[in-house]
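# Structural overview
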Amino acid sequence: MLVAEMWASRLLGQIWVTGWADDAAGDTHDPNDVMENQVETFIHYLAGQSSAVALTILRALALVGEDWMRDLATVAARGLAGRGVPEPAWAAHSGTTELIDALSTTDMFGDVEVITLVFRRAAIDHVVVVFVDHASLAGIFKIMVGEMAASNLTTLVTTFGPAGSLSDPISLTAAQARARLDDALDRMLDHGPPEADYLPDAADRDGVAQHGVDDRGSEDDEDDDPAGTWALLRARLDLLPDDALAGTGASDADMIVIGGSDINGSDLDLVDDRADRVEAGRVVTRFLATDRAKALPDRDVARIWARMAADWALDLGRAAQHYGPLSLGYFLITEVSQHITIGDDDLALLPAVIRAWAHFTADARGLGAIAHQQWDEQLADVLGQFASAYKEPGAVEHRATCADVIAFRLYETETSSEALFDRLYASAPALMRGQLDAARLALDPPPPPPAVAAAGTVYRVKVLLRGSKPPIWRRLEISSMSTLTDLHTVIQAAFDWNGDHLWVFTTDYGQFGYSSDLGDQDPDSVTLAQIATEGTTFRYLFDFGDNLDHNVIVERTLLAAAGTAYPRCVGGRQPDPVLYYFDDEDERRTDAVFDKELINARLARLQT
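Keep in mind it's a predicted model, so treat the numbers as computed, not measured.

Of the regular secondary structure elements, the protein holds 20 helices and 16 strands. Across the 608 residues of the protein, 50% fall into the buried class. Here the analysis covers contacts within the protein between residues at least 6 apart in sequence; of these, 70% occur between residues at least 24 apart. As displayed, the protein has an accessible area near 27300 Å², and 53% of this comes from carbon and sulfur atoms.

This is how it looks when you write it as structure tokens:
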């Protein structure tokens with residue numbers, strides 16, 4: 001049966017990869033929507049057949065993938081079986097699948113975590129080993145599946161571990177394992193097939209054989225590719241309790257700590273930008289006070305680098321000093337080489353600064369002498385890869401054309417003007433704050449006039465609740481001529497909230513809401529087309545007490561389809577979030593799932 005599950009998982013993986021390949025080629029459709037449409041079409045096609053092959057495929061598809069895929073395949077399979085189509089022999093031996101053990105270990109820097117799950121079905125154990133990439137946004141870079149003896153689990157985890165010293169394996173509850181892996185899997189699906197060339201090969205097939213794993217259905221290393229195994233992992237996770245609060249149930253002694261933030265999720269993601277700026281400044285001051293930093297020839301270069309690195313880590317919800325060789329390499333290659341212009345003199349000074357920063361992070365996190373040794377062994381490769389990436393023609397062209405590029409020497413000036421204003425505001429007498437509010441408003445440029453081409457166009461926007469773990473988001477399509485008040489109403493319906501609190505949009509053209517005391521501009525006076533274009537990200541804050549903060553990303557500009565009513569929901573993840581845990585009227589079912597049809601029923605009341 002595991003062979004059938006692996007086959008079906010690889011099939012869904014091929015469909016998923018195809019959708020992302022089309023996206024890279026310029027297709028304007030969302031890759032995950034493409035996958036969902038193709039899977040649904042394929043299952044409906046099989047349902048119309050009357051062959052044993054069709055029923056075998058449907059029974060296999062009913063075991064893996066998203067819950068709606070499994071449900072659709074199950075219904076179609078029952079239809080064929082009801083017409084007398086013979087069942088595959090393996091389907092009679094399915095049995096109940098249950099989790100019997102779960103372990104987690106990380107490399108010393110917390111860049112990579114290995115979570116190993118052992119399941120039992122019909123007295124046979126099989127293992128799912130998931131390699132979680134905490135160094136980037138990729139989520140997962142390897143999944144291994146095979147039969148094994150549960151008694152070999154601890155040895156297996158240690159063998160599979162990433163390069164460098166490993167933490168001792170800790171046991172996870174079923175809810176903790178799901179909480180950690182749900183987030184990582186959602187990130188992988190949202191960002192597309194992982195490109196993990198900067199990651200070491202963290203597991204070898206020889207190690208699998210030595211410790212009793214029979215990698216059923218595997219013929220080559222492609223079976224480790226998460227593109228071919230995500231669907232099986234998704235089905236296994238759905239067997240586990242979905243209790244986000246249980247993800248923090250381990251004792252402090254058992255919690256794997258990554259730079260001050262536990263992997264299960266922490267309040268770092270919910271800390272406001274002002275607190276992050278204060279924390280970044282504190283870490284920069286500590287770095288500059290070290291002997292290594294004092295020995296550097298240019299203190300300004302050291303300070304600017306430290307601020308950039310601290311800001312990036314905090315933006316990812318980690319501690320400002322949370323770095324290892326993998327996360328540093330990812331930051332340098334994918335962020336700095338693409339978005340920071342650095343003069344030749346500063347570029348020559350940067351390697352020494354980065355070395356000092358790397359050793360500072362090891363000391364700041366109390367990682368000991370082995371961490372310094374690891375840095376010494378790996379920094380040369382990291383810096384060499386960065387030097388090559390920075391000079392690569394594609395990176396040079398990107399820095400010359402991208403609107404988000406910042407000059408290295410201007411980084412602090414361009415990113416901290418708001419912080420300076422906030423500090424001035426906080427220290428000003430009450431009588432002056434009205435004048436400062438007026439000054440802030442005057443500095444915001446007026447919205448541009450609506451573009452003529454905006455009429456008849458629709459924006460596809462992704463609204464992500466910041467700090468939610470696993471991520472809670474909705475993909476919506478709304479007229480580009482909708483006002484920001486309209487967008488607020490749509491977001492409220494999409495998340496099933498009641499609109500009983502203050503709210504504000506923060507855009508490149510200022511803040512728009514109904515808090516005139518805070519200097520908000522009239523949200524009825526501007527349309528989406530005035531404040532955003534394709535690729536724009538702005539913020540939506542609802543409830544100034546609980547601070548329900550959202551990113552609103554304009555993903556696509558589309559022509560309104562004839563006969564289609566807007567707004568509408570076309571995708572999302574996770575059920576409607578609970579607004580008030582103490583409110584009996586706002587309780588959600590514990591088995592609730594993302595329900596696009598229910599959301600569209602609420603949005604139908606707003607359609608024009």
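With that settled, consider the pairing of strand β3 (residues 124-133). In terms of burial, β3 is largely enclosed, as 9 of its 10 residues are buried. Alignment of strand β2 (residues 112-121) against β3, held across 10 bridges, turns out to be antiparallel. Across the sheet, the residue bridging to Ile115 is Val130, located in β3. The turn joining β2 and β3, which pair antiparallel and follow one another in sequence, is formed by 2 residues; a positive phi near 50° is taken by Ala122. Alignment of β3 against strand β4 (residues 139-147), held across 8 bridges, turns out to be antiparallel. Bridge pairing links Val129 to Met144 in β4.

Read across the open sheet, the 7 strands follow the order β13-β12-β14-β15-β10-β11-β16; overall the sheet is antiparallel. At either margin of the open sheet sits one strand with a lone partner, and together these are β13 (510-513) and β16 (568-573). On average, adjacent strands in this sheet sit at an angle of 25° to one another, irrespective of strand direction. Relative to β13, strand β12 (residues 503-507) runs antiparallel, the two sharing 4 bridges. Counted as the bridge partner of Thr506 is Gln511 from β13. Where helix α20 (residues 596-603) meets the sheet, its contacts fall on β11 (472-479) and β16, and the angle it forms with β16 comes to roughly 145°.

Using the criterion set out here, one finds 29 salt bridges in the structure. In this structure, Asp182 and Arg178 form a salt bridge, with 2.9 Å as the shortest nitrogen-oxygen distance. Taken together, the residues span about one helical turn, with Asp182 and Arg178 both in helix α6 (residues 174-191) at a distance of 4 residues. Residue Arg178 is classed as buried on the basis of its relative accessible area of 10%. Here Arg573 makes a salt bridge to Asp186, at a shortest N to O gap of 3.6 Å. Of the two residues, Arg573 sits in strand β16 while Asp186 sits in helix α6, which places them 387 residues apart along the sequence.

On to helix α11 (residues 299-315), then. The end-to-end C-alpha distance of α11 is 24 Å, a good match for the 24 Å that 17 residues give at a rise of 1.5 Å each. Near the N-terminus of α11, the side chain that reaches the backbone nitrogen of Asp300, with its oxygen 3.0 Å away, is that of Asp298. Just downstream of α11 lies Gly317, where phi reads positive at about 80°.

What follows is about the sheet that holds strand β1 (residues 98-106). Strand order in the open sheet made by the 5 strands is β4-β3-β2-β1-β5, with antiparallel pairing throughout. Each of the sheet's edge strands pairs with one partner strand only, and the pair in question is β4 and β5 (170-171). Each of β1, β2, β3, β4 and β5 is contacted by α6, which is oriented at about 125° to β4, the strand it contacts most.

Turning to its location among the elements, Ala54 is positioned in helix α3 (residues 52-61). Judged by its relative accessible area of 3%, Ala54 is buried. In sequence terms Ala54 and Leu80 are 26 residues apart; their C-alpha atoms lie 8.4 Å from each other.

A separate point is the nonpolar core. Among the nonpolar cores identified, the biggest contains 52 residues, and Leu61, Trp230 and Leu233 are the most heavily contacted of them. Ranked by residues supplied to this core, first place goes to helix α1 (residues 2-24) with 9 residues. Residues contacting Leu233, with those up to four places away along its chain left out, are Val128, Val130, Ile140, Ile143, Leu181 and Leu185. Core analysis: the second largest hydrophobic core is formed by 47 residues, Ala313, Phe331, Leu379 and Tyr411 among them.

Okay, unusual backbone geometry next. In this structure, Pro567 follows Tyr566 across a cis peptide bond, with omega equal to 5°. In this model, Ala123 sits at a positive phi of 70°, which is unusual for a non-glycine residue. Within the fold, Ala123 resides in the loop between β2 and β3.

A few words now on the environment of Trp305. Within the secondary structure, Trp305 sits in helix α11. When the C-alpha atoms of Trp305 and Val353 are compared, they prove to be 7.6 Å apart, with 48 residues separating the residues in sequence. The contacts of Trp305, once residues within four sequence positions are left out, are Leu328, Phe331, Leu332, Val336, Leu350, Val353, Ile354, Trp357 and Phe408.

Moving on, we get to the side chain of Thr485. Mapped onto the secondary structure, Thr485 falls in helix α18 (residues 484-495). Overall, Thr485 belongs to the buried group, its relative accessible area being 15%. Engagement of the side chain of Thr485 in a polar contact is seen with the side chain of Asp524, the distance being 2.7 Å. For Thr485, the residues in contact, after removing those within four places along its chain, are Trp503, Tyr514, Pro523 and Asp524.

A complete count under the given rule lists 19 aromatic pairs for this structure. Ring geometry for Phe287 against Trp357: centres 5.4 Å apart, planes inclined by 75°, an arrangement best described as edge-to-face. Residue Phe287 is found in helix α9 (residues 273-288), and its partner Trp357 is found in helix α13 (residues 344-364); the two are separated by 70 residues along the sequence. Under the relative-accessibility criterion, Phe287 is labelled buried at 0%. On the numbers, 6.0 Å between centres and 55° between planes, the contact of Phe505 with Phe538 is tilted. Here Phe538 lies in strand β14 (residues 537-542) and Phe505 lies in strand β12, a separation of 33 residues in the sequence. Like Phe505, the residue Phe538 is buried in the burial classification. An aromatic cluster is defined as three or more aromatic residues linked by ring pairs; in this entry it consists of Phe287, Trp305, Trp312, Tyr323, Tyr330, Phe331, Trp357 and Phe360.

What follows covers the packing of helix α12 (residues 325-339) against helix α15 (residues 393-401). Running from amino to carboxyl end, α12 crosses α15 at an angle of 50°, the nearest separation of the two axes being 7 Å. Considering their axes alone, α12 and α15 lie oblique with respect to each other. Of the residues in α15, those touching α12 at Ser337, Gln338 and His339 are Ala395, His398 and Arg399. Classifying every residue of the contact of α12 with α15 by side-chain character gives 1 nonpolar, 4 polar and 1 charged.

Conventions and cut-offs
- Residues numbered from 1 in each chain as written.
- Predicted model: local features only at pLDDT ≥ 70, side-chain atom pairs only at ≥ 80, totals over all residues.
- Heavy atoms only, no water.
- Helix = DSSP H or I, 4+ residues; strand = E, 2+ residues; numbered from the N terminus.
- Buried < 20%, exposed > 50% of the residue type's maximum accessible area, 1.4 Å probe, protein only.
- Contact = heavy atoms within 4.5 Å.
- Areas by Shrake-Rupley, 256 points an atom, 1.4 Å probe, with all protein chains shown as cover.
- Pairing = 2+ DSSP bridges.
- Axes fitted to C-alpha atoms, helices over the stretch in contact; angles between N-to-C directions.
- Salt bridge = Lys/Arg side-chain N within 4 Å of Asp/Glu carboxyl O.
- Expected span 1.5 Å × (residues − 1).
- Polar contact = N/O pair within 3.5 Å; in protein donor to acceptor, adjacent residues only side chain to side chain.
- Core = buried A, V, L, I, M, F, W, Y, C linked by side-chain atoms within 4.5 Å.
- Phe/Tyr/Trp six-rings, centres within 6.5 Å; stacked < 30°, edge-to-face > 60°.
- Parallel < 35°, antiparallel > 145°, perpendicular 65-115°, else oblique.
- Nonpolar A, V, L, I, M, F, W, Y, C, P; charged D, E, K, R; others polar.

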